[in-house]
Number of protein chains: 2
Amino acid sequence: MTESVHDYMTRIGQAARTAARVIARASTGQKNRALLAIATALDAARASLSQANQLDLDAGQRNGLEPALLDRLALTPARIDGMIEGLRQVAGLSDPVGAIRDMSFRPSGIQVGKMRVPLGVIGIIYESRPNVTIDAASLCLKSGNATILRGGSEAIHSNRAIAACIQQGLAAAGLPAAVVQVVETTDRAAVGALISMPEFVDVIVPRGGKGLIERISRDARVPVIKHLDGICHVYVAAHADLAKAQDIAFNAKTYRYGICGAMETLLVDQSVAAAFLPAMADRLRAKGVELRGCERSCALIDALAATEEDWRSEYLAPILSIRVVDDLDAAIEHINQYGSHHTDAIVTEHQGQARRFLAEVDSSSVMLNTPTCFADGFEYGLGAEIGISTDKLHARGPVGLEGLTCEKYVVLGDGQLRGQNA
Amino acid sequence: MTESVHDYMTRIGQAARTAARVIARASTGQKNRALLAIATALDAARASLSQANQLDLDAGQRNGLEPALLDRLALTPARIDGMIEGLRQVAGLSDPVGAIRDMSFRPSGIQVGKMRVPLGVIGIIYESRPNVTIDAASLCLKSGNATILRGGSEAIHSNRAIAACIQQGLAAAGLPAAVVQVVETTDRAAVGALISMPEFVDVIVPRGGKGLIERISRDARVPVIKHLDGICHVYVAAHADLAKAQDIAFNAKTYRYGICGAMETLLVDQSVAAAFLPAMADRLRAKGVELRGCERSCALIDALAATEEDWRSEYLAPILSIRVVDDLDAAIEHINQYGSHHTDAIVTEHQGQARRFLAEVDSSSVMLNTPTCFADGFEYGLGAEIGISTDKLHARGPVGLEGLTCEKYVVLGDGQLRGQNA
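Residues numbered from 1 in each chain as written. Chains lettered and ligands numbered in written order. Predicted model: local features only at pLDDT ≥ 70, side-chain atom pairs only at ≥ 80, totals over all residues. Heavy atoms only, no water.

A. Layout of the packing of aromatic side chains. Applying the stated criterion across every chain yields a total of four aromatic pairs over all chains. Consider the rings of Tyr409(A) and Tyr380(B), whose centres lie 4.7 Å apart with planes at 50°: the pair is tilted. On the criterion of chain membership, the pair formed by Tyr409(A) in strand 16 (residues 405-412) and Tyr380(B) in helix 16 (residues 377-380) is interchain, its members lying in two chains. Here Tyr409(A) and Tyr380(B) have matching classes, each one buried. Seen in terms of ring centroids, Tyr235(B) and Phe357(B) are 6.4 Å apart; in terms of plane orientation they differ by 20°. Their pairing is stacked. (Phe/Tyr/Trp six-rings, centres within 6.5 Å; stacked < 30°, edge-to-face > 60°. Helix = DSSP H or I, 4+ residues; strand = E, 2+ residues; numbered from the N terminus. Buried < 20%, exposed > 50% of the residue type's maximum accessible area, 1.4 Å probe, protein only.)

B. Highlighting the packing of helix 14 (residues 328-338) of chain B against helix 15 (residues 351-360) of chain B. Residues and elements named next belong to chain B. Contact pair helix 14 / helix 15: the axes reach a minimum separation of 11 Å and the direction vectors enclose 20°. Comparing the axis directions of helix 14 and helix 15 gives the class roughly parallel. Considering how the two elements wind past one another, helix 14 and helix 15 form a crossing that is right-handed. In this structure, helix 14 contributes Leu328, Asp329, Ile332, Ile335 and Asn336 to the contact, and helix 15 contributes Gln353, Arg356, Phe357 and Glu360. Here the residues of the contact of helix 14 with helix 15 are counted per class, giving four nonpolar, two polar and three charged. (Axes fitted to C-alpha atoms, helices over the stretch in contact; angles between N-to-C directions. Parallel < 35°, antiparallel > 145°, perpendicular 65-115°, else oblique. Left-handed = near helix turned anticlockwise from the far one by under 90°. Contact = heavy atoms within 4.5 Å. Nonpolar A, V, L, I, M, F, W, Y, C, P; charged D, E, K, R; others polar.)

C. Here's a closer look at the UniProt feature "domain: Aldehyde dehydrogenase" (unreviewed entry) in chain A. All names here are of chain A. Feature annotation in UniProt assigns "domain: Aldehyde dehydrogenase" (unreviewed entry) to the following positions: residues 11-286 and 307-374. The span residues 11-286 shows a helical share of 52% and a strand share of 16%, and its end C-alpha atoms are spaced 58 Å apart. Taken end to end, residues 307-374 has its terminal C-alpha atoms 28 Å apart, with 37% of it in helix and 24% in strand. (UniProt positions renumbered as here; feature names shortened; annotations may be inferred.)

D. Layout of the interface of chain A and chain B. Each partner contributes to the interface: chain A provides 70 residues, whereas chain B provides 71 residues. For chain A, the biggest contributors to the area lost against chain B are Leu393(A), Tyr409(A) and Arg418(A); these three give 16% of the whole. Counting every contact that joins chain A to chain B gives 14 salt bridges. Between Glu333(B) and Arg21(A) there is a salt bridge; the shortest N-O distance is 2.8 Å. Connecting chain A to chain B are 44 residue pairs in polar contact (both at pLDDT 80 or more). Looking at the side of chain A that touches chain B, the elements with two or more residues in it are strand 2 (111-118), helix 10 (242-254), helix 14 (328-338), helix 15 (351-360), strand 13 (365-368), helix 16 (377-380), strand 15 (397-399) and strand 16 of chain A. Ranked by residue count, the leading element in the side of chain A that touches chain B is strand 16 of chain A, at seven residues. Tallied by class, residues from the side of chain A that touches chain B come to 31 nonpolar, 18 polar and 21 charged. (Buried area = accessible area lost by both parts, 1.4 Å probe. Salt bridge = Lys/Arg side-chain N within 4 Å of Asp/Glu carboxyl O. Polar contact = N/O pair within 3.5 Å; in protein donor to acceptor, adjacent residues only side chain to side chain.)

E. Fine view of the confidence of the model for chain A. When pLDDT is averaged across chain A, the result is 94; 99% of the residues are at 70 or more. Interface confidence for the predicted complex, given as ipTM, is 0.90, next to a pTM of 0.89. (pLDDT = per-residue confidence, 0-100.)

F. Quick look at the sheet that holds strand 5 (residues 180-182) of chain B. Residues and elements named next belong to chain B. The four strands are arranged 5-4-3-6 in an open sheet whose pairing can be described as parallel. Among the strands making up the open sheet, the edge pair consists of strand 5 and strand 6 (203-207). Averaged over neighbouring strand pairs, the angle between their axes works out to 20° when direction is ignored. One ladder, built from five bridges, connects strand 3 (residues 121-126) with strand 4 (residues 146-150); its direction is parallel. In the strand pairing of strand 4, Ile122 is matched with Thr147. Across the sheet, helix 1 (residues 5-24) touches strand 3, strand 4 and strand 5, and the angle it forms with strand 4 is around 145°. (Pairing = 2+ DSSP bridges.)

G. Inspection of the domain arrangement of chain A at higher detail. Assigned domains within chain A: domain 1 (5-225 + 398-410) and domain 2 (232-378). Relative to domain 2 of chain A, the C-alpha centre of domain 1 of chain A lies at a distance of 36 Å. (Domains from an automatic or database assignment.)

H. Inspection of the pattern of salt bridges at higher detail. According to the stated counting rule, one finds 66 salt bridges over all chains in the structure shown. Linking Asp247(B) and Arg283(B) is a salt bridge whose minimum nitrogen-to-oxygen distance equals 2.9 Å. Here the residue Asp247(B) occupies a position in helix 10 (residues 242-254), and Arg283(B) occupies one in helix 11 (residues 273-286), the gap between them amounting to 36 residues. Among the ionic pairs, Asp329(B) bridges to Arg356(B), the shortest N-O distance being 2.7 Å. Within this pair, whereas Asp329(B) is found in helix 14, its partner Arg356(B) is found in helix 15, the two being separated by 27 residues in sequence. On the basis of relative accessible area, Asp329(B) is assigned to the partly exposed category, the value being 39%. Judged by its relative accessible area of 28%, Arg356(B) falls in the partly exposed class. Via salt bridges that share partners, Arg101(A), Asp102(A), Arg116(A), Glu402(A), Glu407(A), Arg101(B), Asp102(B), Arg116(B), Glu402(B) and Glu407(B) belong to a single interconnected network.

I. Spatial organisation of the relation of the copies chain A and chain B. Overlay of chain A on chain B (RMSD 0.0 Å): rotation 180°, translation along the axis 0.0 Å. A rotation of that kind, with that shift, is consistent with a two-fold axis. Proximity to the rotation axis, assessed at the C-alpha, singles out His394(A) in chain A; its C-alpha lies 1.9 Å from the axis. Same-surface contact between copies: 100% of interface residues of chain A are shared with the interface of chain B. (Least-squares fit on C-alpha atoms with pLDDT ≥ 70 in both.)

J. Quick peek at the sheet that holds strand 2 of chain A. Spatial strand order, 1(A)-2(A)-16(A)-13(B)-12(B)-7(B)-8(B)-11(B)-9(B)-10(B): 10 strands in an open sheet with mixed pairing. Two strands in the sheet have a free side with no partner beyond their single neighbour: strand 1 (100-105) of chain A together with strand 10 (304-305) of chain B. Pairing between strand 9 (residues 290-293) of chain B and strand 10 of chain B: two bridges, direction parallel. Counterpart to Gly293(B) in the pairing with strand 10 of chain B is Ala305(B).

K. Local environment of unusual backbone geometry. Residue and element names in this part refer to chain A. Backbone geometry at Asp102 places phi at a positive 60°, although glycine is not the residue there. Within the secondary structure, Asp102 is located in strand 1. Judged by its relative accessible area of 55%, Asp102 falls in the exposed class. Although it is not a glycine, His341 adopts a positive phi angle of roughly 60°. Examined against the element boundaries, His341 turns out to sit in the loop between helix 14 and strand 12 (343-347). Judged by relative accessible area, which is 27%, His341 ranks as partly exposed.

L. Highlighting the environment of Pro96(A). All names here are of chain A. One can find Pro96 in the loop between helix 5 (77-92) and strand 1. Residue classification places Pro96 among the buried positions, given a relative accessible area of 13%. Taking the C-alpha atoms as reference points, Pro96 and Ser143, separated by 47 residues in sequence, lie 6.6 Å from one another. Among residues more than four places away in sequence, those in contact with Pro96 are Arg116, Leu401 and Thr405.

M. Representation of helix 14 of chain A within the structure. Along helix 14 of chain A, the residues classified as buried are Leu328(A), Ala331(A), Ile332(A), His334(A), Ile335(A), Asn336(A) and Tyr338(A). Near the N-terminus of helix 14 of chain A, the side chain that reaches the backbone nitrogen of Asp329(A), with its oxygen 3.3 Å away, is that of Asp327(A).

N. Seen up close, the pairing of strand 6 (residues 203-207) of chain A. All names here are of chain A. Extensive coverage of strand 6 is indicated by the burial of four of its five residues. Relative to strand 6, strand 3 (residues 121-126) runs parallel, the two being bridged by five bridges. Residue pairing for strand 6: Ile125 is matched across the bridge by Pro206.

In structure tokens:
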């Protein structure tokens, strides 16, 4: 008799909740031993990982998976190296769990402060990249959380092979198997169950396209740390160093077109537009970037006419919209209205303008004189990231170990009572 | 022609979003001037506040409102004093907005840190107490947020009169009226609209009974900072100072029966149960507290037999359930299973046991040798609280000014580019 998906997921959830208590109190040393043992297991399993991955690649080809998706699916030796290196890096990160801050005495005589603790059970839902299995599991493990991983059905054999390595590592460190569980069924109902069990799951992190994330956010009964789009701006302000501005804007657009921190709209102050735009446009066009400008831009450079839709577009492609704005206020207005509150930069040498931009632009990262493509957990020093949050509550911007924890109040006394003190 | 509720709420939402940008960049001085001017306006409006409140009280009596609700509805001179004093206290709190922390240089040459900023627009949904209008508005204003307040229909005249004072104060400080808006319609559809406008509202704080909060959490499309129940425990452990333990448990239960930090279940280690429970039970019974014990408790004291349901009950009344547990692990197990993750305390002089309890109990406040009734924003030094969150994400425990803000990344450079540095 087969188990229903609902019963299967309930069993997974219960096991995760129980394991969460064990991993929450595991020492840093024990967690690091597990991470390094998983790395060793992966290194020893290269042949079987490749075989399992080949099954997925063959099935993908049979099912007509797009070349880009097949590429993401491939577990090349370099990607296995990357997973192993990632595990070692996470082992090297400092452990956020248990840190106590701001303990102070209150007039009543109690001492109040905050302790950083794991969230509990984290559900990760992701698409074709099997290396996410290791990236996500390692960050959740180091931050003291139990993890339930639900990868794409197209990567099921690869994910199972990786899961076997994770199990070896957990066992070697004396940790229960349910600290990291990989959902073994490809039934889509498993996702529905995972996002509807607040009694077993504390937070869901979806990793994938905007469609997946919107669907999960809409249906989830568990909080979701989500990353929607990155419509990032660079504003070349009055008082910008125009040579610096050109390098920054060029880097922001062309470092990589497909990352969420790529600039999608260039805003140029009207006071510098004539001096700045022609050379900038030449350089971008020479690189093969299609330009779409507002009316004032098109009077200065050769560009297609931008439509209202362009200001709301995340191209993730060699396309750039350009708008000339009246002043700082107009730039902030444009960004807050059309942007996605992800990452936005100003280029200026004017202290007052910089200060206002950084304070008033309502984005998860605000930048001065540096390109938006720096928006990344590694570049920020988080060591690794599980994603970039475009939410305001809880984690905002790149989410590393700290974003997978929360703080609880710790109150210490020695018999103090309420309502009975001076 | 009358406006639909949907159109009305959309207009309120748009106005709040626009006003949020203004209040977000207002100086501390300007915000404090507004708070103090509201206090002055309330003081000058005592007569009209009482008249408006009398309309609500009369209507409440006609509609057969329960005495407890009528009591909450009353704006007595002492409550008006309380509102005025609260405004002055909030004006005296330090302003969290704009604080920058942890700025550090990265290998690329960029400097990365975090800046504390307002959440944006906060919707408050509350029931009969009109003084919540001032409490909530003052905390949101000080933390740089725009607020939309939706009070109970039974307090509509009082809330309008208070809103008029708020408007006077905002105007006196040169702030736009839409920084604090009171929803003027009593149509219930207004609540549905308020919790479904993520484009205009960043977070909802419901203040009221569990039913209200569950309903809003279920239906909201905007994040909710919620406070469900407080099933709080005191665990009298082995190595407890039993005299201290008796005072702590007595205070935790009897300081006030109706607060969320009141102890609902007393856990007693089996090693001290015989020495501790009889005198404890006598003292509680003498105070009029009904006792419901597990089998082992009932062998030591005169108590009703507790059922499984008792362990899951928030009595908010002079009733206490008592359970004898085998050891620390059993106590933690009981609390994590039956508790509401609100506030739980251990009484012990044993360092190792205290350390484990504080780390492993998964509650928003964990306490040592002090009663659970200390769970309160004022007692914790937050100055004031908008509520106590039982969520894990974002704010956990008493929520003050910091809980009404979030942090964004600030990245400073001087022309650094990605992928081009050593």
